[in-house]
Amino acid sequence: MKLLVRVIEARNIPAMDPNGFSDPYVKLSLGKQKFRSKVVKKNLNPSWCEEFAFKVDDLKEELIISVLDEDKYFNDDFVGQIKFPVSQVFESNDKSLGTAWYTLQPKHKKGKNKDCGQILLTICFSQGNTLADLQSVGDHGSKKLPDVALTESPSLSSNGTVRSSSPSRSEEAAEKPHAQTFAGRLAQIFNKNGENAVSTTNPKAPDITATTESASTAASENAQEEQQSTSGNFQELLKTMEVKEQGSTEVSNLPGVVVDQLYAIAPHELNSYLFSPDSTFFKSLADIQGSTELKVGPWKLENESIKRVVTFIKAASRLVKALKTTEDQTYLKADGKCFAVLAVVSTPDAPYGSTFRTEVLYNITPGPELPSGEQSSRLVVSWRMNFLQSTMMKGMIENGARQGIKESFEQYANLLSQNVKPVDAKDIGTEKEQVLASLEVEKQSDWKLAVQYFANFTVISTFFIGLYVLVHILLAMPSTIQGLEFVGLDLPDSIGELIVCGVLVLQGKRVLELISRFMRARVQKGSDHGIKAQGDGWLLTVALIEGNNLAAVDSSGFSDPYVVFTCNGKTRTSSIKFQKSNPKWNEIFEFDAMDDPPSVLDVEVFDFDGPFSEATSLGHAEINFVKTNISDLSDVWVPLQGKLAQACQSKLHLRVFLNNTKGSNVVKDYLSKMEKEVGKKIKLRSPQTNSAFQKLFGLPPEEFLINDFACHLKRKMPLQGRLFLSARIIGFHSDLFGHKTKFFLLWEDIEDIQVESPTLASMGSPNVIMTLKPGKGFDARHGAKTQDQEGRLKFHFHSFVSFNVAHRTIMALWKARALSPEQKVQIVEEESEAKSLQMAEEDSIGNDFQAADDDSEGKSLQSEESGSFVGVEDIHMSIVYSSVLSVPTEFFMELFSGNELDRKVMERVGCLNYSYSPWEESEKPDVHQRQLYYKFDKCISRYRGEVTSTQQRSRLSDKNGWLIEEVMTLHGVPLGDYFNLHLRYQVENVPSRSGRCNVQVQLGIGWLKYSRHQKRITKNIVSNLQERLLVMCSGVEKEYLSKSDPVVI
């Protein structure tokens, strides 16, 4: 005795995924017998139409039907269930519960989600027939019983179990009247009031057999009409779906890719060639593969999707006999540009064929434009196995299917290439190359610049006033000498003459400034500051096209804008566009290859007026690669933030490209580097795991999972979950009693990571405290335990299963991305890595200055300026400060000792976040070396740039004093990468008077690149440095006097 269960569809399923949908499937169990339906992706009203048969030995058993939401990486979410005692079905009329809607119940009565939706089921006993034979009486929505017997209900999907409604089945039914008579009898099983139901549905029909026969003839005629469907009807269906697909998301490929090829054909034409009803491609492919009895059904619009059924007899292979195969093809996407068709292939006659389905996805997307100007298409065919039931033969089935699919689609690709011309990707440039090749730097003539600068009221009025004064001089007679005048000096004789002279002087000054600005503009116009990238890895390319509505800060009503891009501590600066509010750059900037993908690109627009002079930020923006798909940045207008930018609605036109030049090796190389830091093997995660990780946190495809750990998030109450670590983020996810908590943080946003000793509150486990930078991570503040007065969020994690491995992995990833130079110096102080620092310096001696500057943020601080003392003797040094101070030499040298005086004086001269490493012995005898880091205050530079410096200390030859040599590199200031500053402090005792020292400071500028502004930059640097040295020395004297003089009360 068998219990037959047909799972038809469900409605109002609650959304269990963050995207607002669910991936529901049904599990059925009776005693030890268990079955599982297929998974319907992203649907709250799924349709299955699958039948299952249970062998019943005990009427006391209970049939349990559960609906769950599939989650590939985590445990599947429970939606609802319903239970049926077998005895209830057996004792009902005709041993059947009929077809009815049942309300799903939560697992526990106290469950939060009480509204679990409804499911449509058919449950009955049968002695030898399946529900497929009972299709004619499975009415659950139609009012005409004959239509139900011969056509699919709109509520049913085109699954293989519904094929009994096809015309061929109808003809078989017509040939076997006894089967229809049996079906008429069984109509009473599914309808408790069978006779009334028939008479109510069709009162004019004398009996169901006659109705079925007449309807069978009509079905045959309809089938002939469907076979005559033209491509016009197919195109109309596609247009109907195209309207609904506007703005839909891109369809991701399945794990196994068997075809990935470009073709010289438009996407819509390729789609028509492969799937149009008039296409002969499937027939030709079946002939090549030896398939027989090919039947291609018509396309139909069902449940807002276009579907059809293709059946054929697959040719026998060496291991498997000829099999009847059914393909349920469904359009997942058809927006006119992209087309995605999912084919669910079922082979029930194969060994274990009822336990799995093969899913094949045909994805057609637009390819790059061909050199001839024609369109191209990219066809990607991918597949996966969907197991409906667990089986021990899973591995063997997958291997066999993999080999068979590979051979089949090799023939598929060969046949397609014979009819559609394939395109070699090497023959055409990538989208990036095509875009960059089309950029041309704006050309501007000298005359056009001259008109922009001199066609204004100031110049014109000055010209006429000067001409008027010249004519006056020619006409006027020489005046007599009077007052304080003498020969050659003619002073104004009245207040009026004094005012006129003042106006002439001011006008002349303004004209001279315009002439000077014009000369600079003439030199700078059209220059390109792009730097070619070096190395292999993640290559970031930024094309700066133009700006719009930039704020005007000059008196002329314009500005002199330039743009600074910063990524992973490296900067690229554009050329300066003079007197422009809507500048056009068309410049390209490439960042050196990185081992891991960047997180953020900072963009800031400045108005140029010298490296240390007053300047204004015209606006800034941040491009987050973690929260944005890189394909969306290929052509984007970025609105600028800031008071001036928002008032003018300023924006920049950018094209950003991020390419991986190492392929899959970049992930392996990064993991190998992390393994050395962690001291433990890190497993490479599968594509399915990475895909689930990306889906969980909404990350782009290039993000890859490194490791994950079970832990507790400490808030008011500990929350159990998992901590996920990748190259750019650290994320936490918890699903506790149906309450989901998830968030992620950028490594760059973390300011400090500390470990607290085990406490009772942390359940005897060390507590990892992550402190974010002020103003960062507010979208994850629901996971923070506290927030300090400066706005820094603090996250507490504890109860790691393997704390040492988790802590080492977290620290290694954080150090690799988030540490600023001053934090690196602090770690150097704490860990005393003297030997490794010396090795880093030895390896980098002699490197080019530009390479040292570009790699400064990615390597240790010591490698930034290593090799900078080579060639100091070749730089011209000039004295910029010399004075005798009223302090002993020993006290003055405390300025370079790293004590409180050092920090206090440096902060007084405007050096913020001042940090230093301890003095260490260098390669030279009796010579010590240390590194410095600080930021400029606004009083020094409006750009608030950064300085990394290396100092060497040694005794003078006569042992009468000290010599301090210093090399400084400026970051974040205009043209800062054009030069290095070399300082030499010589401190000597004054022989004649004790308690005094002679301080002499020399300056030299090592130019790394040529610039026509060298004199101007040198003048600004010298004046700024002299003021700074004066404040430093006076500060040392004040500190010495405060310590030596008694305190007066």
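Source: prediction; values computed, not measured.

S.K.: Please explain the overall build of the protein as it appears in this structure.
M.R.: When its secondary structure is counted, the protein shows 24 helices and 41 strands. Contacts in the protein between residues far apart in sequence, at least 24 positions, make up 62% of those at least 6 positions apart. In the structure as shown, the protein presents an accessible area of about 53,300 Å², 52% of it carried by carbon and sulfur atoms.

S.K.: I tried to follow the sheet that holds strand E8 (residues 118-126) on my own but got confused; where do I start?
M.R.: The strands making up a sheet are joined through hydrogen bonds of the backbone, oriented either antiparallel or parallel. The strand order across the open sheet built from 4 strands is E4-E1-E8-E7, with neighbouring strands paired in antiparallel fashion. The open sheet has two free edges, formed respectively by strand E4 (47-55) and strand E7 (96-103), since each of these has just one partner strand. Adjacent strand axes in the sheet meet at a mean angle of 15°, parallel and antiparallel pairs treated alike. Pairing geometry for strand E1 (residues 2-11) and E4, over 7 bridges, is antiparallel. Considered in E4, the bridge of Leu-4 is made with Ala-53.

S.K.: For this particular structure, what's the right way to read the nonpolar core?
M.R.: As a rule of thumb, soluble globular proteins bury nonpolar side chains together. Core analysis: the largest hydrophobic core is formed by 70 residues, its most contacted members being Leu-540, Phe-565, Leu-601, Leu-654 and Phe-797. A total of 8 residues in this core trace back to one element, the largest contributor, which is helix H18 (residues 803-817). Those residues in contact with Leu-654, other than ones at most four positions away along the chain, are Val-542, Ala-543, Leu-544, Phe-565, Val-603, Ile-623, Leu-633, Asp-635, Val-636 and Val-638. Core analysis: the next-biggest nonpolar cluster, separate from the first, contains 44 residues, Val-947, Tyr-985, Ile-1005 and Ile-1017 among them.

S.K.: Can you walk me through the pattern of salt bridges in this structure?
M.R.: Charged atoms that come close allow side chains of opposite charge to pair. The full count for this structure, using the stated rule, is 23 salt bridges. For Lys-695, the salt bridge goes to Asp-23, with nearest N and O atoms at 3.5 Å. Linking Lys-695 in helix H17 (residues 687-697) with Asp-23 in the loop between E1 and strand E2 (24-30), this pair joins segments that are 672 residues apart in sequence. On the accessibility criterion, Asp-23 (3% relative accessible area) is buried.

S.K.: I tried to follow helix H23 (residues 900-908) on my own but got confused; where do I start?
M.R.: Counting along an α-helix, one turn takes 3.6 residues, and residues three or four places apart therefore face a common direction. If you check which residues of H23 are buried, you get Leu-901, Asp-902, Val-905 and Met-906. Viewed along the axis of H23, the buried residues span an arc of 120°, placing them on a single side of the element. If you check the start of H23, you find a side-chain oxygen 3.2 Å away from the backbone N of Leu-901, and it comes from Asn-899.

S.K.: Can you help me understand the sheet that holds strand E5 (residues 62-69) in this one?
M.R.: One open sheet accounts for 4 strands, arranged E3-E2-E5-E6; its pairing is antiparallel. Pairing within the sheet leaves two strands with one partner each, and these edge strands are strand E3 (33-36) and strand E6 (77-85). Looking at each pair of strands side by side, their axes are set apart by 15° on average, direction ignored. Judged from the 8 bridges that link them, E5 and E6 form a sheet pairing that is antiparallel. Residue pairing for E6: Glu-62 is matched across the bridge by Pro-85.

S.K.: Quick question: what am I supposed to make of the environment of Phe-275 here?
M.R.: Following the sequence through the fold, Phe-275 ends up in helix H8 (residues 267-275). In this structure, the C-alpha to C-alpha distance between Phe-275 and Phe-234, residues 41 residues apart in sequence, is 9.3 Å. In contact with Phe-275, not counting residues within four places along its chain, are Phe-234, Phe-282, Trp-299, Arg-308, Gln-329, Tyr-331, Val-341, Tyr-362 and Ile-364.

S.K.: Help me understand the packing of H8 against helix H10 (residues 394-419) in this model?
M.R.: For any two helices packed against each other, the geometry is given by the interaxial angle and the distance between the axes. Packing of H8 against H10 leaves a shortest axis separation of 13 Å and a crossing angle of 120°. Taken together, the axis directions place H8 and H10 in an arrangement best described as oblique. Remark: the crossing between H8 and H10 carries right-handed chirality. Of the residues in H10, those touching H8 at Leu-270, Tyr-273 and Leu-274 are Tyr-412, Leu-416 and Asn-419.

S.K.: What is the right way to look at the packing of aromatic side chains in this model?
M.R.: Within the structure shown, the criterion is met by 34 aromatic pairs. Plain terms: the ring middles of Trp-299 and Tyr-331 are 5.1 Å apart, the flat faces sit at 55° to each other, and that makes the pair tilted. Pair noted here: Trp-299 is in the loop between strand E10 (292-296) and strand E11 (300-302) and Tyr-331 is in strand E13 (residues 323-334), with a separation of 32 residues, a long-range link. Residue Trp-299 shares its accessibility class with Tyr-331, and that shared class is buried. One aromatic cluster in this structure is built from Phe-234, Tyr-273, Phe-275, Phe-281, Phe-282, Trp-299, Tyr-331, Tyr-362, Phe-409 and Tyr-412. One Lys or Arg, Arg-572, reaches over the ring of Phe-591 and ends 5.3 Å from the middle of that ring. Between the NZ or CZ atom of Lys-651 and the centre of the ring of Trp-637, over which it lies, the distance is 5.2 Å.

S.K.: I would appreciate a short explanation of the confidence of the model for the protein in the present structure.
M.R.: Low-pLDDT stretches of the model should not have their predicted coordinates read in fine detail. Of all residues in the protein, 75% have pLDDT values of 70 or greater, and the mean over the chain is 76. A low-confidence stretch, residues 128-230 stays under pLDDT 50, and its non-local contacts, those more than four residues away or across chains, total 127 contacts. Segment residues 834-873 is flagged for pLDDT under 50; beyond a separation of four residues in sequence, or across chains, it makes 68 contacts in the model.

S.K.: Any chance you could explain the pairing of E8 here in plain terms?
M.R.: Side chains on a regular strand alternate between the two faces of the sheet. Most of E8 is tucked away, with 8 of its 9 residues classed as buried. In this sheet, E8 lies alongside E1 in antiparallel orientation, the contact comprising 9 bridges. Its bridge partner lying in E8, Ala-10 is registered against Ile-119.

S.K.: Can you walk me through the environment of Tyr-352 in this structure?
M.R.: By the secondary structure assignment, Tyr-352 is in the loop between strand E14 (339-346) and strand E15 (356-366). With relative accessibility at 43%, the residue Tyr-352 sits in the partly exposed group. Spatially, the C-alpha atoms of Tyr-352 and Gln-389 are 9.7 Å apart, while their sequence positions differ by 37 residues. Ignoring any residue separated from it by four or fewer positions in sequence, one finds Tyr-352 in contact with Thr-391, Met-393 and Ile-397.

S.K.: How do you make sense of the state of the cysteines when you look at a structure like this?
M.R.: Any covalent bond linking the sulfur atoms of two cysteines counts as a disulfide. By the definition in use, this model includes 0 disulfides. With no disulfide of its own, Cys-997 has Cys-1033 as its nearest cysteine by sulfur position, at a separation of 8.1 Å.

S.K.: How do you make sense of unusual backbone geometry when you look at a structure like this?
M.R.: Even without being glycine, Asn-12 reaches a positive phi, approximately 60°. Here the phi dihedral of Asn-586 falls at roughly 55°; this positive angle occurs in a residue that is not glycine. If you trace the backbone, Asn-586 turns up in strand E21 (residues 584-594).

S.K.: What's the story with the packing of helix H9 (residues 281-289) against H10 in this structure? I'm lost.
M.R.: Two elements in contact, H9 and H10, have axes separated by 10 Å at closest approach and are oriented at 130°. Considered as vectors, H9 and H10 are oriented oblique to each other. The chirality of how H9 crosses H10 is right-handed. On H10, the residues that touch Phe-281, Ser-284, Leu-285, Ile-288 and Gln-289 of H9 are Ser-408, Gln-411, Tyr-412, Leu-415 and Leu-416. Counted by class, the contact of H9 with H10 contains 6 nonpolar, 4 polar and no charged residues.

S.K.: Mind showing me how you'd approach the side chain of Asp-17 here?
M.R.: Considering the arrangement of structural elements, one finds Asp-17 in the loop between E1 and E2. It is Lys-695 that comes nearest to the buried, bridge-free Asp-17 among opposite-charge side chains, at 4.3 Å. Sequence-distant contacts of Asp-17, that is, excluding residues within four places in its chain, are made with Ser-22, Asp-23, Asp-69, Asp-77 and Lys-695.

Cut-offs used in this document
- Residues numbered from 1 in each chain as written.
- Predicted model: local features only at pLDDT ≥ 70, side-chain atom pairs only at ≥ 80, totals over all residues.
- Heavy atoms only, no water.
- Helix = DSSP H or I, 4+ residues; strand = E, 2+ residues; numbered from the N terminus.
- Contact = heavy atoms within 4.5 Å.
- Areas by Shrake-Rupley, 256 points an atom, 1.4 Å probe, with all protein chains shown as cover.
- Pairing = 2+ DSSP bridges.
- Axes fitted to C-alpha atoms, helices over the stretch in contact; angles between N-to-C directions.
- Core = buried A, V, L, I, M, F, W, Y, C linked by side-chain atoms within 4.5 Å.
- Buried < 20%, exposed > 50% of the residue type's maximum accessible area, 1.4 Å probe, protein only.
- Salt bridge = Lys/Arg side-chain N within 4 Å of Asp/Glu carboxyl O.
- Arc of directions from axis to C-beta.
- Polar contact = N/O pair within 3.5 Å; in protein donor to acceptor, adjacent residues only side chain to side chain.
- Parallel < 35°, antiparallel > 145°, perpendicular 65-115°, else oblique.
- Left-handed = near helix turned anticlockwise from the far one by under 90°.
- Phe/Tyr/Trp six-rings, centres within 6.5 Å; stacked < 30°, edge-to-face > 60°.
- Lys NZ or Arg CZ within 6 Å of the ring centre and 35° of its normal.
- pLDDT = per-residue confidence, 0-100.
- Disulfide = S-S within 2.5 Å.
- Nonpolar A, V, L, I, M, F, W, Y, C, P; charged D, E, K, R; others polar.
- Lys, Arg positive; Asp, Glu negative; His and termini not counted.

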